[in-house]
Amino acid sequence: MDRAADTIPYRNIHNRDRLVYLTHSDGRVAKSLGDAFIAHGFQVSILPDCAGLARLMAIRRPDLVLLPLCDDAGTIEGTLGALEVARGQHLGIHTFLLAPVGVRAEQVVTAMRRGASSAFSPPYAAAEIIAAAQDLFRADIHVEAGHDGVESVTVKGFGTLTYRERQVLQYVIDGSTNKEIAADLGLSYRTVEVHRRHIMEKTGARNTAELVRLAIAS
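Computed from a predicted structure; not experimentally measured.

Here's the deal with the overall build of the protein chain
Turning to step 1, where the next piece is worked out: The helix and strand tally for the protein chain stands at nine helices and seven strands.
Turning to step 2, where the next piece is worked out: Here the protein chain, with 218 residues, has 39% of them falling under the buried criterion.
Turning to step 3, where the next piece is worked out: If you take every contact in the protein chain between residues at least 6 apart in sequence, the share linking residues at least 24 apart comes to 65%.
Turning to step 4, where the next piece is worked out: Summed over its atoms, the accessible surface of the protein chain is roughly 11700 Å², and 54% of this surface lies on carbon and sulfur atoms.

Digging into the nonpolar core
Turning to step 1, where the next piece is worked out: If you look at the biggest cluster of nonpolar residues, it comprises 21 residues, and the most contacted ones within it are Leu33, Phe37, Leu64, Leu66 and Ile129.
Turning to step 2, where the next piece is worked out: Elements supplying a minimum of two residues to this core: β1 (19-23), α1 (27-39), β3 (64-68), β4 (94-98) and α5 (126-137).
Turning to step 3, where the next piece is worked out: Leaving out residues up to four positions away in the same chain, leucine 66 has contacts with Val20, Tyr21, Leu22, Thr23, Leu33, Phe37, Leu53, Phe96, Leu98 and Ile129.
Turning to step 4, where the next piece is worked out: Leu47, Cys50, Met57 and Cys70 belong to the second-largest nonpolar core, a separate cluster that totals 20 residues.

What to know about the packing of aromatic side chains
Turning to step 1, where the next piece is worked out: Considering all chains together, one arrives at three aromatic pairs under this definition.
Turning to step 2, where the next piece is worked out: Summarising the aromatic geometry, the rings of phenylalanine 37 and phenylalanine 42 are spaced 5.1 Å apart at their centres and angled 65° between planes, so their arrangement reads as edge-to-face.
Turning to step 3, where the next piece is worked out: With a centroid separation of 6.1 Å and an interplanar angle of 45°, the aromatic rings of phenylalanine 42 and phenylalanine 137 are classed as tilted. Residue phenylalanine 42 is found in the loop between α1 and β2 (43-47), and its partner phenylalanine 137 is found in helix α5; the two are separated by 95 residues along the sequence.
Turning to step 4, where the next piece is worked out: Cluster of aromatic residues (ring-pair linked, three or more members): Phe37, Phe42 and Phe137.

Here's the deal with the environment of serine 188
Turning to step 1, where the next piece is worked out: By secondary structure assignment, the location of serine 188 is in the loop between α7 (178-185) and α8 (189-203).
Turning to step 2, where the next piece is worked out: Exposure remark for serine 188: the relative accessible area of 38% places this residue in the partly exposed category.
Turning to step 3, where the next piece is worked out: As for serine 188 and asparagine 178, which are separated by 10 residues in sequence, their C-alpha atoms are 9.3 Å apart.
Turning to step 4, where the next piece is worked out: For serine 188, the side chain forms a polar contact with the side chain of threonine 191, separated by 2.8 Å.

Here we look at the sheet that holds β4
Turning to step 1, where the next piece is worked out: If you trace the five strands from one edge of the open sheet to the other, you get β2-β1-β3-β4-β5, paired in parallel fashion. The sheet is open, and its two borders are formed by β2 and β5 (118-120), each paired with just one other strand. Going from strand to strand, the sheet's axes swing by 20° on average, the running direction of each strand aside.
Turning to step 2, where the next piece is worked out: Both β3 and β4 contribute to a ladder of five bridges, which runs parallel. Across the sheet, residue leucine 67 finds its bridge partner in β4, namely leucine 97.
Turning to step 3, where the next piece is worked out: Lying over the sheet, helix α2 (residues 50-59) contacts β1, β2 and β3, oriented at roughly 165° with respect to β3.

About the criteria used
Residues numbered from 1 in each chain as written. Predicted model: local features only at pLDDT ≥ 70, side-chain atom pairs only at ≥ 80, totals over all residues. Heavy atoms only, no water. Helix = DSSP H or I, 4+ residues; strand = E, 2+ residues; numbered from the N terminus. Buried < 20%, exposed > 50% of the residue type's maximum accessible area, 1.4 Å probe, protein only. Contact = heavy atoms within 4.5 Å. Areas by Shrake-Rupley, 256 points an atom, 1.4 Å probe, with all protein chains shown as cover. Core = buried A, V, L, I, M, F, W, Y, C linked by side-chain atoms within 4.5 Å. Phe/Tyr/Trp six-rings, centres within 6.5 Å; stacked < 30°, edge-to-face > 60°. Polar contact = N/O pair within 3.5 Å; in protein donor to acceptor, adjacent residues only side chain to side chain. Pairing = 2+ DSSP bridges. Axes fitted to C-alpha atoms, helices over the stretch in contact; angles between N-to-C directions.

In structure tokens form, the structure reads like this:
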């Protein structure tokens, strides 16, 4: 039985597989926040702008995106485009907005309606932003008691796969086709397809090659 997530101490090691994408026109802001996230165990990629961020999201799913609410001209089209890409992934990507001084309330409302998770005002306090991120990620931590009474902690990703999904994953890693997996496990071809889709969704892999790479590296 899983123990409630809010009773589990959150440690930096829980962030080791968490990927953060970050962009901001002020390089000092981007570096400061990036360094703070790295110090807490996150993997961080700093992108030059929202367009680059959107392109990278389409290639590899991040767990969290930090981006400015608007560009230097005060427009939010680039941010809204990135939010649409994040929503289109259907993989639970969290998005934090870095609002400028004097931001208009309607801009924040528009972005939140497009799927932004939260917004922060300057000066951007790294500790506050990281705490907010960890509060979101805490729900993905699971603790189960093993047969020997030792508790096992897993974080969303490969740790959330069911026993059958892990079986199918091992066959995929070994290079088996869906037809071969179905025959060996006594499942229908369609059931194997469903399991593989669930595995891809839970791990954030975009294709089989990336899935195998992530599984081997995990």
